[in-house]
Amino acid sequence: MFIWACAQVGAADAGSEPVLDKVLSFRDACWRFLRPHTIRGTALGSLALVSRALIENPNLIKWSLLFKAFSGLFALICGNGYIVGINQIYDIGIDKVNKPYLPIAAGDLSVKSAWFLVVFFALAGLLIVGFNFGPFITRLYCFGLFLGTIYSVPPFRMKRFPVAAFLIIATVRGFLLNFGVYYATRAALGLSFEWSSPVAFITTFVTLFALVIAITKDLPDVEGDRKFQISTFATKLGVRNIAFLGSGLLLLNYLGAIAAAIYMPLAFKRNLMIPIHIALALCLIFQAWVLEQANYTKEAIAGFYRFIWNLFYAEYIIFPFI
């Protein structure tokens, strides 16, 4: 369905190029419009929480739930696409300075096509959730879309305010995703919601991690944010200070994970959880040192931010096993 929609919008953007080239070009623009690094985070988070719920209740696993799981994942990707898409529509000027490779800023995707896509994402996601996951999860999903909307869209445009901006990001990418997926999976298994220690841990850990992502995401964008008078912690406190702050908060997060393994041996596998988090913390320290040695060039800052996302992915990958 989505590929067909892309093809239709691509046809609307048609010019003199051959049809196949236009479709392929539009597909590439669509993929960049979705911001793949955010999709990976959403998909890994969803798979990790579903896996955890199934590991806790292996006797309730049914093949009939597979379609529901994939439809839920598609709905989450649609929600993700709506939020990052609406942000690009209202950030064209800023993106031409900070992220000229994004499809609207680069001229590879028209604003009309972008609007078609975000409306499609919102409607498709809402229909899937509404028909498959009940009123409570539907309300959570709508709340996530609402937060994503007021983050980018005037007159709210909460991204202008650093505290509001990182609280929205942490809420959507941290709490709502983890709680919602785990709740929906338990409901699909016929179980009432109940926190387990590992799920409480990953929800807290990732929510705090999302705060760090929210703080550090503006590091590569200082130039454009200053030009368009977008107030961020990076523009106020400086790139170096924010890099140190983000690294420090992540180190505290890793220390918390190690402490959880030590003080709750029945809930976690110490022999995995402790050495893995020590290793990730050491990698973070090394990357912060590399950034310092590079004197915070734009390329080094972008590399450091990508590394933060890789640490985020790593936590979800190891979560089902710890």
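Right above here is the structure, for reference.
Please read these numbers as outputs of a predicted model, since none were measured by experiment.

How each quantity is defined
- Residues numbered from 1 in each chain as written.
- Predicted model: local features only at pLDDT ≥ 70, side-chain atom pairs only at ≥ 80, totals over all residues.
- Heavy atoms only, no water.
- Helix = DSSP H or I, 4+ residues; strand = E, 2+ residues; numbered from the N terminus.
- Buried < 20%, exposed > 50% of the residue type's maximum accessible area, 1.4 Å probe, protein only.
- Lys, Arg positive; Asp, Glu negative; His and termini not counted.
- Salt bridge = Lys/Arg side-chain N within 4 Å of Asp/Glu carboxyl O.
- Contact = heavy atoms within 4.5 Å.
- Expected span 1.5 Å × (residues − 1).
- Axes fitted to C-alpha atoms, helices over the stretch in contact; angles between N-to-C directions.
- Parallel < 35°, antiparallel > 145°, perpendicular 65-115°, else oblique.
- Left-handed = near helix turned anticlockwise from the far one by under 90°.
- Nonpolar A, V, L, I, M, F, W, Y, C, P; charged D, E, K, R; others polar.

Participant: Would you mind showing me how to read the side chain of Glu-315 here?
Facilitator: Inspection of the secondary structure assignment puts Glu-315 in helix H15 (residues 298–318). Buried within the structure, Glu-315 lacks any salt-bridge partner; Arg-52 is the closest side chain of opposite charge, at an N-O distance of 11 Å.

Participant: Would you mind showing me how to read the environment of Leu-250 here?
Facilitator: Position of Leu-250 among the secondary structure elements: in helix H13 (residues 239–263). A sequence separation of 216 residues divides Leu-250 from Leu-34, and the C-alpha atoms of the two residues are 26 Å apart. Residue contacts for Leu-250: discarding those within four places in its chain leaves Phe-209, Val-212, Leu-284, Ile-308 and Leu-311.

Participant: What should I look at first to understand the pattern of salt bridges in this one?
Facilitator: Note that side chains of opposite charge can pair when their charged atoms are close. Tallied over the entire structure, the rule returns six salt bridges. Lys-159 is the salt-bridge partner of Asp-91, the closest N and O atoms lying 2.3 Å from each other. Of this pair, Asp-91 sits in the loop between helix H4 (66–89) and helix H5 (92–98) while Lys-159 sits in the loop between helix H8 (134–152) and helix H9 (162–188), and the two are 68 residues apart along the sequence. For the pair Asp-91 and Lys-159, one class covers both residues: buried. The closest approach of N and O atoms between Glu-292 and Arg-240, which form a salt bridge, is 3.1 Å. Taken together, the residues Glu-292 in helix H14 (residues 270–293) and Arg-240 in helix H13 connect sequence positions 52 residues apart. Among the charged side chains, a network of salt bridges with common partners joins Asp-28, Arg-32 and Asp-108.

Participant: Got a minute to help me understand H14 in this structure?
Facilitator: An α-helix turns once every 3.6 residues. As a result, residues three or four positions apart point the same way. Under the 1.5 Å per step criterion, the end-to-end length of H14 is 34 Å for 24 residues, consistent within 8% with the ideal 34 Å. Among all positions in H14, only Met-273, Ile-274, His-277, Leu-280, Ala-281, Leu-284 and Leu-291 are buried. At the exit of H14 stands Asn-295, carrying a positive phi of roughly 60°.

Participant: Would you take a moment to explain the packing of helix H3 (residues 36–56) against H4 for this structure?
Facilitator: In a pair of packed helices, the angle between the axes and the distance between the axes together describe the arrangement. Contact pair H3 / H4: the axes reach a minimum separation of 10 Å and the direction vectors enclose 150°. The orientation of H3 with respect to H4, classified from their angle, is roughly antiparallel. The two elements H3 and H4 cross, and the hand of that crossing is right-handed. Between H3 and H4, the residues in contact are Thr-38, Ile-39, Thr-42, Ala-43 and Ser-46 and Leu-73, Leu-76, Ile-77, Asn-80 and Val-84, respectively. Classifying every residue of the contact of H3 with H4 gives six nonpolar, four polar and no charged.

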